[in-house]
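Close look at the chain arrangement
The primary structure of each chain is shown beneath.
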Amino acid sequence: EAGVAQSPRYKIIEKRQSVAFWCNPISGHATLYWYQQILGQGPKLLIQFQNNGVVDDSQLPKDRFSAERLKGVDSTLKIQPAKLEDSAVYLCASLRDHHNEQFFGPGTRLTVL
Amino acid sequence: AQSVTQLGSHVSVSEGALVLLRCNYSSSVPPYLFWYVQYPNQGLQLLLKYTSAATLVKGINGFEAEFKKSETSFHLTKPSAHMSDAAEYFCAVSDGNRSRGGSYIPTFGRGTSLIVHP
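A few points on the structure.

So, about the overall build of chain A. A tally of regular secondary structure across chain A gives 0 helices and 11 strands. Taken from N to C terminus, the helices and strands of chain A fall in the order β-β-β-β-β-β-β-β-β-β-β. Since a compact globule built from 113 residues should have a radius of gyration of about 13 Å, the 13 Å found for chain A is in line with a globular shape. With respect to the principal axes defined by its C-alpha atoms, chain A has extents near 40 × 25 × 25 Å. In the structure as shown, chain A presents an accessible area of about 5,500 Å², 50% of it carried by carbon and sulfur atoms. For chain A, the centre of its 13 positive side-chain charges and the centre of its 11 negative side-chain charges are spaced 6 Å apart.

A separate point is the layout of surface pockets. Counted as a void, the largest pocket has a volume near 520 Å³. Lining the largest pocket are 30 residues, with Q37, L39, V89 and R109 of chain A together with Q38 of chain B positioned closest to its centre. Those elements that provide at least two residues to the lining of the largest pocket are strand 9 (88–96) and strand 11 (108–112) of chain A together with strand 9 (87–94) and strand 11 (112–117) of chain B. A breakdown of the residues in the lining of the largest pocket according to their chemical character gives 13 nonpolar, 13 polar and 4 charged. Around the second largest pocket, the lining is made up of 16 residues, and of these Q59 of chain A together with Q2, I105, P106 and T107 of chain B lie nearest the centre. Residue assignment for the lining of the second largest pocket shows that the elements contributing at least two residues are strand 5 (44–50) of chain A together with strand 10 (107–108) of chain B. The class makeup of the residues in the lining of the second largest pocket is 7 nonpolar, 6 polar and 3 charged.

Time to look at the pattern of salt bridges. Following the criterion strictly, the structure yields 6 salt bridges over all chains and no others. Where D57 of chain A meets K62 of chain A, a salt bridge forms, and the shortest distance between an N and an O atom there is 3.8 Å. Ionic pairing is found between K78 of chain B and D85 of chain B, a salt bridge with its closest N-O pair at 2.8 Å. Accessibility expressed as a relative area gives 2% for D85 of chain B, which makes it buried.

Here we take up the pairing of strand 3 (residues 19–26) of chain B. Residue and element names in this part refer to chain B. Taking every second residue as pointing to the same face, the buried face of strand 3 carries V19, L21, C23 and Y25, while none of L20, R22, N24 and S26 on the other face is buried. In this sheet, strand 3 lies alongside strand 1 (residues 3–7) in antiparallel orientation, the contact comprising 5 bridges. Counterpart to V4 in the pairing with strand 3 is Y25. As paired strands, strand 3 and strand 8 (residues 73–78) are joined by 4 bridges and run antiparallel to one another.

Criteria and cut-off values
- Residues numbered from 1 in each chain as written.
- Chains lettered and ligands numbered in written order.
- Predicted model: local features only at pLDDT ≥ 70, side-chain atom pairs only at ≥ 80, totals over all residues.
- Heavy atoms only, no water.
- Helix = DSSP H or I, 4+ residues; strand = E, 2+ residues; numbered from the N terminus.
- Rg over C-alpha atoms; globule rule 2.2 N^0.38 Å.
- Areas by Shrake-Rupley, 256 points an atom, 1.4 Å probe, with all protein chains shown as cover.
- Lys, Arg positive; Asp, Glu negative; His and termini not counted.
- Charge placed at Lys NZ, Arg CZ, Asp CG, Glu CD.
- 1 Å grid on protein atoms, 1.4 Å probe; cavity = no way out; pocket = protein on both sides within 12 Å on 5 of 7 lines; lining within 4 Å.
- Points joined across faces, edges and corners; volume = space filled by probe spheres on them.
- Nonpolar A, V, L, I, M, F, W, Y, C, P; charged D, E, K, R; others polar.
- Salt bridge = Lys/Arg side-chain N within 4 Å of Asp/Glu carboxyl O.
- Buried < 20%, exposed > 50% of the residue type's maximum accessible area, 1.4 Å probe, protein only.
- Pairing = 2+ DSSP bridges.

The structure is reproduced here in structure tokens:
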């Protein structure tokens, strides 16, 4: 089966600009996650979707970050405006239900200058 | 509440030597425990998981981990390191507590970088 797809793989922007990331989970996976991974740290959950509904967004900085999964399949994560501290790898993962196994995409490496 | 502590941000071994990566967890209920590997510029890949079926869990690439409830540990081992094992390794825990949506939300450790010398 195809894995979790993410694009772009790399993005460089200046602070105060906007950026969007796209994720397509494994077919049939209802649960989708966005994580932020800062260099030298483990992934930190930003938001979790179940189909097209938000399950947990308690750690999402809502003043600048937004995410949607309108049709319950692919998802976009947006940052507007970006700050220097947003430089990180943004990982998308989907869940194989009943096995509690997450499958991760390759990530998008964001550099904010 | 759940948390994970990975002891040692870097572990260095010689090729052919034993690999031991340490993970201690905190959980209010019986946990699910996971080890993931991350190669440069790639996402995380599941190595193995513990879900209470057996305390010694075997994973891919010759890795295994043992769940020790009394020590709240889930250390990762491999008898003989290979150069290709050099990567970042993450331990993760889920205590099974359900969010309002009833889905699995793991907590990850900070990671341990495994360095393998020839």
